[in-house]
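# Coordinate analysis (summary)
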Amino acid sequence: MNKQPIGYLDSGVGGLTVVKEALRQLPHEKVIFIGDQARLPYGPRPAEQVIEFTWELTHFLLKKNIKMLVIACNTATAAALSVIRPKLNIPVVGVILPGSRAAIKATKTGNVGIIGTNGTIKSDAYARTIHRKNQNIQVTSVAAPKLVSLVESNEYQSVIAKKVVAETLAPYKKHPVDTLIMGCTHYPLLRPIIQNVMGDGVTLIDSGAETVSEVSTLLDYFDIANDDQNYHPEHEFYTTGSAQMFDTIAGDWLGMSQMHAEKIDLKRLIPQISMEMEQ
Ligand code: DGL
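Now for a quick tour of the structure. Model, not experiment: these values are computed from the prediction. (Residues numbered from 1 in each chain as written. Predicted model: local features only at pLDDT ≥ 70, side-chain atom pairs only at ≥ 80, totals over all residues. Heavy atoms only, no water.)

### Some remarks on the overall build of the protein chain
Threshold: By the criteria applied, helices consist of DSSP H or I runs no shorter than four residues and strands consist of E runs no shorter than two, each listed in order from the N terminus. With the radius of gyration taken over C-alpha atoms, the globule rule is written as 2.2 Å times the number of residues to the power 0.38. Partly exposed describes any residue whose relative accessible area lies between the buried limit of under 20% and the exposed limit of over 50%, with all areas from a 1.4 Å probe on protein chains only and scaled to the type maximum. Any two residues having at least one pair of non-hydrogen atoms within 4.5 Å are treated as being in contact. Accessible areas in this description were obtained via Shrake-Rupley with a 1.4 Å probe; residue shielding takes into account the shown protein chains only. When charges are counted, Lys and Arg are positive and Asp and Glu negative, with His and the chain ends excluded. By convention, the point assigned to a charge is CZ for Arg, NZ for Lys, CD for Glu and CG for Asp.
When you go through the protein chain residue by residue, the secondary structure sums to 13 helices and ten strands. Computed over the C-alpha atoms, the radius of gyration of the protein chain is 18 Å, within 12% of the 19 Å expected from 2.2 N^0.38 for a compact globule of 279 residues. Once the C-alpha set of the protein chain is aligned to its principal axes, its extents read approximately 50 × 40 × 40 Å. Of all 279 residues assigned to the protein chain, the portion counted as buried reaches 58%. A sequence separation of at least 24 residues applies to 77% of the contacts in the protein chain between residues at least 6 apart. Of the roughly 12,900 Å² that the protein chain leaves accessible, carbon and sulfur atoms contribute 50%. Positive and negative side-chain charges in the protein chain, numbering 27 and 28 respectively, have mean positions lying 6 Å apart.

### So, the site of the ligand
This is how the line gets drawn: For this purpose, a residue is taken to be near a molecule or strand whenever a single non-hydrogen atom of the residue falls within 4 Å of it. Two N or O atoms count as a polar contact when they lie within 3.5 Å, although within protein this holds only if one can serve as hydrogen donor and the other as acceptor, and sequence-adjacent residues are included solely when both atoms are side-chain atoms. A 1.4 Å probe that fits but cannot get out identifies a cavity on a 1 Å grid over protein atoms alone, an open set with protein on both sides within 12 Å along at least five of seven lines counts as a pocket, and a residue lines either if it has an atom within 4 Å of a point. The way we define it, a molecule is inside a pocket or cavity when more than half of its atoms are within 2 Å of that pocket's grid points.
The full set close to the ligand counts 14 residues, and S11, Y42, N74, T75 and H186 are the nearest of them. Between G43 and the ligand, the recorded distance is 2.9 Å, taken from a backbone N or O atom to an oxygen atom. One of the backbone N or O atoms of T185 is found 2.8 Å from an oxygen atom in the ligand. When the ligand sits alone it has 300 Å² of accessible area, and the protein chains cover 99% of it. Judged by the proximity of its atoms to the pocket grid, the ligand belongs to the largest cavity.

### Quick look at the packing of aromatic side chains
Stated precisely, the cut-off is as follows: Here the aromatic set is Phe, Tyr and Trp, taking the six-membered ring for Trp, and pairing holds for ring centres within 6.5 Å; pairs whose planes are under 30 degrees apart are stacked, those over 60 apart are edge-to-face, and all others are tilted.
Counted by the stated rule, this structure contains six aromatic pairs. Between F60 and Y238, the ring centres sit 5.0 Å apart and the planes meet at 75 degrees, which makes this aromatic pair edge-to-face. Note that F60 is positioned in helix α2 (residues 47–62) and Y238 in strand β9 (residues 236–239), a separation of 178 residues in sequence. Comparing F60 with Y238 shows no difference in burial state: the two are buried. Here Y221 and F222 contribute two aromatic rings whose centre-to-centre distance is 5.0 Å and whose plane-to-plane angle is 90 degrees, an arrangement assigned as edge-to-face. Assessed through its relative accessible area of 65%, Y221 is described here as exposed. Under the relative-accessibility criterion, F222 is labelled partly exposed at 43%. The structure contains a cluster of three or more aromatic residues connected by ring pairs, namely F33, F237 and F246.

### Regarding the pattern of salt bridges
This is how it is decided: By definition here, a salt bridge exists when the distance from a side-chain nitrogen of Lys or Arg to a carboxyl oxygen of Asp or Glu is within 4 Å.
Evaluated as defined, the whole model comprises eight salt bridges. Taken together, the shared-partner salt bridges connect D36, R39 and E56 into one network.

### Describing empty space enclosed by the protein
Gaps left between atoms show up when a probe the size of a water molecule is rolled over them. Quick reminder of the rule: Grid points are joined across faces, edges and corners, and a volume is the space filled by probe spheres set on the points. When residues are sorted by character, Ala, Val, Leu, Ile, Met, Phe, Trp, Tyr, Cys and Pro go into the nonpolar class, Asp, Glu, Lys and Arg into the charged class, and all the rest, Gly among them, into the polar class.
Enumeration over the complete set of coordinates arrives at two cavities of 30 Å³ or more. The calculated volume of the largest cavity comes to roughly 90 Å³. Lining the largest cavity are 14 residues; nearest its centre among them are S11, T75, T117, C184 and H186. Looking at the lining of the largest cavity, its residues break down into six nonpolar, seven polar and one charged. For the second largest cavity, the calculated volume is near 40 Å³. Lining the second largest cavity, in full, are I114, T120, I121, D124, A125, Y126, A127 and S141. Elements with a contribution of two residues or more to the lining of the second largest cavity: α5 (118–123) and α6 (125–133). Ranked by residues supplied to the lining of the second largest cavity, first place goes to α6 with three residues. Partitioned by chemical class, the residues of the lining of the second largest cavity number five nonpolar, two polar and one charged.

Note that all results are geometric; they support no functional claim without further evidence.
Here is the structure:
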């Protein structure tokens, strides 16, 4: 019986789509979430910088005594998973492999689409992961950076959102797919609009939701799950940006009216983390 928390990190509120699924699938596992809204978006940043930021968030979570780390951000997974995983002595889970697996399973025509940030699409991480398993799958990748700002500015249900999503997904008219990976943890908040634009015949893959199934499997594999059904954890949410904006979106998305995220002062945190990383 292991009551240590599971740490989740993202560049912003997008990782909450993973947390939402975690709360549903693993209600007795304590969540500690950090969103780096002060430095969002990660998508246009060079991979080296994304690795640096991801390390900083990881160190913050390690101080909270987490038993597993979930990189609930595709951009950070693409850049930093292979760097961070071998350096930690706890399991580290990214979102790209579970999403790729689910897409391979779902597609019938062998035509899979991927939408993600510029960083994720440029890394080609999804296509490489899919082709490592099945080379016959035709992958059509489209960068969709504007969708992130729609979510972070709480405009994901607006008329503008519909227009932006339709414009972004236009390439799939020329290259039809039967399965589309929402390869950015922010996108599931736009799911109804994306589904509407793509049509009912297209299966949408939520990489974050798929990731939680992997988390669940690994908890059992490493025998670190909390089996105490009477444990109702008090989850912790942190942001480097505006706690008020975080509370509004997170409260709405997670259905937690009493949501209170704590704002982390990066300026104070980073020198301390850098010193620890050098030791
Ligand atoms: N949520 C992040 C992802 O899954 C990206 C958002 C950003 O550009 O920071 O890729």
